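# Chain and residue survey
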Amino acid sequence: MKQFQYTRALTQQSAIEAIAKPGTKIIAGGTNLIDLMKRGVTAPDKLVDINHLPLKNITATKTGLHIGALALNSVVSENSLVLQKQPLLSMALKAGASPQLRNMATVGGNMMQRTRCSYFYDTTMPCNKRAPGTGCGAMEGINRMHAIFGTSDQCIAVNPSDMSVGLAALDAVAIIAGKKGERRIPFTEFHRLPGDHPELDNHLAAGEMIVGVEIPDNNFAKNSYYLKVRDRQSYAFALVSVAAALEISNGTIKNARLAMGGVAHKPWRLFDAEKALIGKPATEDSFKQAAQIAMQGAKGYQYNSFKLKLAPATITEALKHAAGLA
Amino acid sequence: MTKGMSRIDGRLKVTGAARYSAEFTPAGMVYGVLVGSTITKGSIRLIDTKAAERAPGVLKVITWLNSPKIAGYQVEHGKPEPAKGTYKLFYNNKILFNGQPIAVVVADSFERALFAASLVKAQYNADPHHTNLRDNAAKAFAPEGDGTTKRGTEDAWKTAPVKLEQEYIIPSEVHSPMELHAIIAKWDAEDKLTVWTKTQGVQDTRDGIAGIFKLPKENIQVNSKFVGGAFGSALQVWPHEVAAILAAKAVKRPVKLLLGRADMFTSVGYRPYTWQKIGIGATADGKLVGITHEAIGQTSTYEDFNEGPIGVSRSTYACPNVNTIYKLAALDIGSPTWMRGPGEATGAFALESALDELSYELKIDPIELRMKNYASTDPESGKPFSSKFLDEAYKLGAEGINWKDRNAKPASVTKDGWMVGYGMGGGMFGAYRDKAAAKAILMADGTLIIQTAVSDIGPGTGTAMVTIAAGVMGIPADKIRFDMGDSSLPLAPSQGGSATTATVGSAVYQACTDLKEKFQKLIGNGGTDHPDYAAILKQHSLPKLEVTVESSGGTERDKYAFYSWSVHFIKVLVHPATGVVKVDRAVCVADSGSIVSPKTARSQIVGGAIGGIGMALMEETVIDHRYGNIVNNNFADYHVPVNADIPQIEALFVNKPDPHINPMGAKGMGEIALIGMAAAVANAVYNATGKRVRELPITPDKLVGMDLELS
Ligand SMILES: Cc1cc2nc3c(=O)[nH]c(=O)nc-3n(C[C@H](O)[C@H](O)[C@H](O)COP(=O)(O)OP(=O)(O)OC[C@H]3O[C@@H](n4cnc5c(N)ncnc54)[C@H](O)[C@@H]3O)c2cc1C
Ligand code: SF4
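In this text the structure is predicted, and so the values were computed from the model without any measurement.

## Re the site of ligand 2
Around ligand 2, the surrounding shell holds 14 residues, and the nearest of these are A:C117, A:C127, A:C136, A:C155 and A:I156. For the shell around ligand 2, the per-class residue count stands at nine nonpolar, four polar and one charged.

## A look at the pairing of strand β6 (residues 173–178) of chain A
All names here are of chain A. Of all the six residues making up β6, six are buried; the element is thus mostly covered by neighbouring parts of the structure. Residues V173, I175 and A177 of β6 are buried on one face, and the alternating residues A174, I176 and G178, pointing to the opposite face, are buried as well. Direction of pairing for β6 relative to strand β7 (residues 181–186): antiparallel, over a ladder of six bridges. Paired with I176 across the bridge in β7 is R183. Adjacent in sequence and paired antiparallel, β6 and β7 are bridged by two residues. Summarising the sheet, β6 and strand β8 (residues 209–216) pair through five bridges and their orientation is antiparallel. Opposite A174, over in β8, you have V213 as the bridge partner.

## Quick look at the interface of chain A and chain B
Of the residues lining the interface, 29 residues belong to chain A; the matching set on chain B comes to 29 residues. Of the roughly 2,400 Å² buried between chain A and chain B, counting both surfaces, carbon and sulfur atoms make up 60%. Seen at the junction of chain A and chain B, the total is two salt bridges. Ionic pairing is found between B:D701 and A:R144, a salt bridge with its closest N-O pair at 3.0 Å.

## Details of the packing of helix α15 (residues 598–617) of chain B against helix α16 (residues 677–689) of chain B
Residue and element names in this part refer to chain B. Packing of α15 against α16 brings their axes to within 8 Å, and their N-to-C directions diverge by 55 degrees. Taken together, α15 and α16 sit at an angle that is classed as oblique. In the packing of α15 onto α16, the handedness of the crossing is right-handed. Only M677, A678 and V681 of α16 make contact with α15, whose side of the interface consists of A609, G612, I613, M615, A616 and L617.

## Brief notes about the sheet that holds strand β9 (residues 223–229) of chain A
Residues and elements named next belong to chain A. Here four strands make up an open sheet; going across it, the order is β9-β10-β11-β12 and the pairing antiparallel. Strands with a single pairing partner mark the edges of an open sheet, and in this sheet they are β9 and β12 (268–269). As judged from the seven bridges shared by β9 and strand β10 (residues 240–249), these two strands associate in the antiparallel manner. The residue of β10 that forms the bridge with V229 is V240.

## Focus on unusual backbone geometry
Cis peptide bonds are those with omega within 30 degrees of zero, and the linkage from B:L696 to B:P697 qualifies with -5 degrees. Within the fold, B:P697 resides in the loop between α16 and α17 (700–704). Its identity is not glycine, yet A:A97 carries a phi of approximately 50 degrees, on the positive side. Mapped onto the fold, A:A97 is located in the loop between α5 (87–94) and α6 (99–102). Within the chain, B:F231 stands out as a residue other than glycine whose phi angle is a positive 60 degrees.

## Here we look at the packing of helix α5 (residues 202–213) of chain B against helix α6 (residues 239–251) of chain B
Residues and elements named next belong to chain B. Here α5 crosses α6 at 60 degrees, and the two axes come no closer than 12 Å. In terms of orientation, α5 lies oblique with respect to α6. In this structure, the crossing between α5 and α6 has a hand that is right-handed. Here I209, I212 and F213 of α5 come into contact with α6, specifically with V242, I245 and L246. Of the residues that constitute the contact of α5 with α6, the class distribution is six nonpolar, no polar and no charged.

## Description of the environment of B:K516
Residue and element names in this part refer to chain B. Tracing the sequence through the fold places K516 in helix α12 (residues 500–523). Take K516: its relative accessible area is 11%, and that puts it in the buried class. For the pair K516 and K544, spaced 28 residues apart in the sequence, the C-alpha separation amounts to 13 Å. Residues in contact with K516, not counting those within four places in the same chain, are V472, M473, D529, P531 and Y533.

## Quick look at the domain arrangement of chain B
Accessible area lost upon the coming together of the parts is a frequently used measure of interface size. Residue and element names in this part refer to chain B. Per the domain assignment, the segments of chain B are domain 1 (21–127 + 184–230 + 234–265), domain 2 (130–176 + 269–381), domain 3 (383–420 + 561–711) and domain 4 (434–552). On a C-alpha basis, the centroid separation for the pair domain 1 and domain 2 is 37 Å. Taken residue by residue, the interface counts 15 residues in domain 1 and 15 residues in domain 2. Carbon and sulfur atoms make up 57% of the area that domain 1 and domain 2 hide from each other, which totals about 1,300 Å². The partner of D304 in a salt bridge is K84, and the shortest N-O contact between them spans 2.7 Å. Our count for the domain 1 to domain 2 interface comes out at three residue pairs in polar contact (both at pLDDT 80 or more). Here the residues of the side of domain 1 that touches domain 2 are counted per class, giving eight nonpolar, four polar and three charged.

## Notes on the packing of aromatic side chains
All names here are of chain B. The full count for this structure, using the stated rule, is 21 aromatic pairs over all chains. Ring centres of F385 and Y563 lie 6.0 Å apart, and the angle between their planes is 75 degrees; this geometry places the pair in the edge-to-face category. Residue F385 is located in the loop between α9 (366–372) and α10 (390–401), and its partner Y563 is located in strand β22 (residues 563–574); the two are separated by 178 residues in the primary sequence. Taking the relative accessible area as the measure of exposure, F385 reaches 8% and is therefore buried. A centroid spacing of 6.4 Å and a plane angle of 80 degrees characterise the contact between Y560 and F562, whose relative ring orientation is edge-to-face. According to the relative accessible area criterion, Y560 is partly exposed, its value standing at 21%. Since its relative accessible area comes to 6%, F562 is described here as buried.

Calculation criteria
Residues numbered from 1 in each chain as written. Chains lettered and ligands numbered in written order. Predicted model: local features only at pLDDT ≥ 70, side-chain atom pairs only at ≥ 80, totals over all residues. Heavy atoms only, no water. Near = heavy atom within 4 Å. Nonpolar A, V, L, I, M, F, W, Y, C, P; charged D, E, K, R; others polar. Buried < 20%, exposed > 50% of the residue type's maximum accessible area, 1.4 Å probe, protein only. Helix = DSSP H or I, 4+ residues; strand = E, 2+ residues; numbered from the N terminus. Pairing = 2+ DSSP bridges. Contact = heavy atoms within 4.5 Å. Buried area = accessible area lost by both parts, 1.4 Å probe. Salt bridge = Lys/Arg side-chain N within 4 Å of Asp/Glu carboxyl O. Axes fitted to C-alpha atoms, helices over the stretch in contact; angles between N-to-C directions. Parallel < 35°, antiparallel > 145°, perpendicular 65-115°, else oblique. Left-handed = near helix turned anticlockwise from the far one by under 90°. Domains from an automatic or database assignment. Polar contact = N/O pair within 3.5 Å; in protein donor to acceptor, adjacent residues only side chain to side chain. Phe/Tyr/Trp six-rings, centres within 6.5 Å; stacked < 30°, edge-to-face > 60°.

Below, the structure written as structure tokens:
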């Protein structure tokens, strides 16, 4: 491992100044960054520890819920405001990693976690994301965990976050700070598709940091569910996961939110399927139709074609749970 | 709560006071880190170690170019290099598998050694490689030893009125013990060596090192008091151990070498990927007519690893016609090795699945089918079994799981949206008894010390030995000290093949019996069954009294066939939409003679069952055959079961002594705890869904692809 500097930022301002220098990286919980450094995937010259910044609070605002970028995954998942207003987020968080990891992992770090594609992690392998221009090891390799939506001929990796799937479904907004001040991006536009630049995971510009997320208040608390299908019951990344949120009145769907994980380079929001659900009865048939719509444009690779069946099945199941039918 | 003694080392283990191989610090110790080959086959063209040698704290970089000659590797002058043998570290520039060590870097700290290792750069001449068994099955050859056999008529199953032929595949699995392999090597003199290493047998490791380095055995001291699981991965001297010993000599300081988790996939063996085909036929009323069991297992190019997965088909059921064909495919991968239930675990997945398939064809209950073909004498040798109460085990297990709740029609039961199914599968494994010695010393203060060189890789050997000694001597367990894991102690074989309790336990039993007799003699005629040992010593002005005995099986081994038996009963829930399988209940029954130490026996069964569930549902080493490297060489991607995957496992024991094996009547149970489990799960999945998964592991993708629905 290469020698690097470590500094602790005591103010947001000093953190932003520090990350302006190339080769500098933020460290929060360190649960992803340290692994990447150990494997030689990234080798920063300098780490800026932001854990002492006052960005841990979870507060109710007039229009929603504000969660600081340094709030721990475990704390957010148990927070009473979150449980009461946005139980879907709590469910998504609890489906991720292990209690030990969630005790270290932060909201900002979780949004920024990199793909788990094994070719990305193995520096002896080709990978356009890690080393642009070297090719994609997964495209014709072991791609069982890989994407079926929004892939490019450069990269077929998935974003591994569960939390982000929940936040994407809930219309969250990412709050970002840089030299020029703060800006807000809809969560669904925070992460990118690989396109011709698979090395970029998201739209955070150089020198910017995440300071928090906001979730607008909604009426989904009663009927939401996060369903994660994985190779073991806990501590495994999603084969496919679905965040489903419904507003049901007299058996009719008034409003719906759906997002999928484990299928794309970003949390995959299912806008068309949501639209199709509105006005429909909250029945398995409606859910199945929505799931079919959701699958338009999906494309499988050698080892992940099973997702073409698993994804719609999981959408239907998640909606059934959200509606109280399962 | 199970009765019996709790682990004697439990407190040491949970408080961190137990010291494992990597946790010693002899004065002046430095650190070795291995560099692995990034190609799969070929040769090293150039290896540049300059940057590593210049890196801070580096003492030495050893490669094939500068490695001291290892005496045991050398071929006698004029003789050709043998085609096969064990892998020889730094012997030449040949690359035989991905991850093969090409250098060891020694530095004054682990971090510095690790960093310097990343600076070693090799250039290779790569040759085309072969790592895929399926593509290379045609080139498979029959190994020496157990393999192609025939009893009765060949392929007789084909003549049976009810028959089937199916293929079964198990992927390669890695042992994945929690404790990583580690060694500390310290040369005490030019030809005297002490090592602390993870091993299942300190004396076998000593003898192995003696052979490789051509040292007198008595000059080598091997210590391994605590082992954090091994499952067969520590039954031989591995290249990393040779590297540490070599490096320690080169730098004239003790060297510690710890494998990383990724190394655990390439450096200490694995269960080989195996393709099997079973043809099985029966009469309409369920009498077996014939079994043909064919298998091709993977091995390396430099060693023939023969684990005999077809043996189960010869000895499990009373079947007149059995023929087996076993071949090895030599691939450009490191050698496989023994892994819990070696051979039988693989074979039983095929046989016990096939029997289940046959039961549905015949419309006969799977237990009834097994009872109709119950072997009362060993069908292979014709000898009587030393003991066999498998029929009782079936009953116990069937009651335990409520077998009567099973619906014989597959895919017909659901509960809360999940498909429900029951399955069973059995296991068998030879009940061995080797030679071992033990020393029993009664001290002036009344403490009993038992010494033998055995290792305890986790089953609770110390606890079992103390239980045996306490029983014979009538001394409370807390007054007994058990010394082990030290090669200078009395003879003991490696812990493997489920033979430790039967073998070493017999020596302990005998030593204590003889010691007690010595005391009885001292007292003379008025002896009691519970003598006050300390008082007798005092009375006779003796500081202590000791005996050393050697014990082994005798002619009984010629007269009887010795086996332990198990049967596993499983209830699964399968989600029809997502293909997720949950093991809802597991009842495992062992017929392994007397249970010496009930608590640790129970945890043996539970541990084996968990290993079996892992084998059934998630474990699989995945190779990218384009490169020949393992892509899931870490615990995030290679899945072993976590708590959420495991229900309460009920361990039941027939607990009837085997009258022939040894004085305790105890047979082994380490292997049978796992053997048959994977089939039991697969059979339950079939009962739940009507879909048969013949290639492990049974992951959601496979079931989703089969379109599950109620029949
Ligand atoms: C074995 C294992 C299993 C896991 N399983 C799951 C799972 O099932 N589901 C799941 O969702 N996750 C899983 N994770 C991932 C885990 O959720 C992430 O590692 C964690 O959320 C990262 O948060 P952190 O605070 O530790 O980030 P760090 O490791 O500290 O940082 C990660 C990245 O984010 C950047 N960063 C951190 N904070 C900020 C900020 N405020 N602004 C800008 N950049 C920032 C860092 O520079 C770095 O590049 C798993 C991880 C492991 C190791
Ligand atoms: S899928 Fe993306 S991350 Fe994986 S190897 Fe291809 S380019 Fe790299």
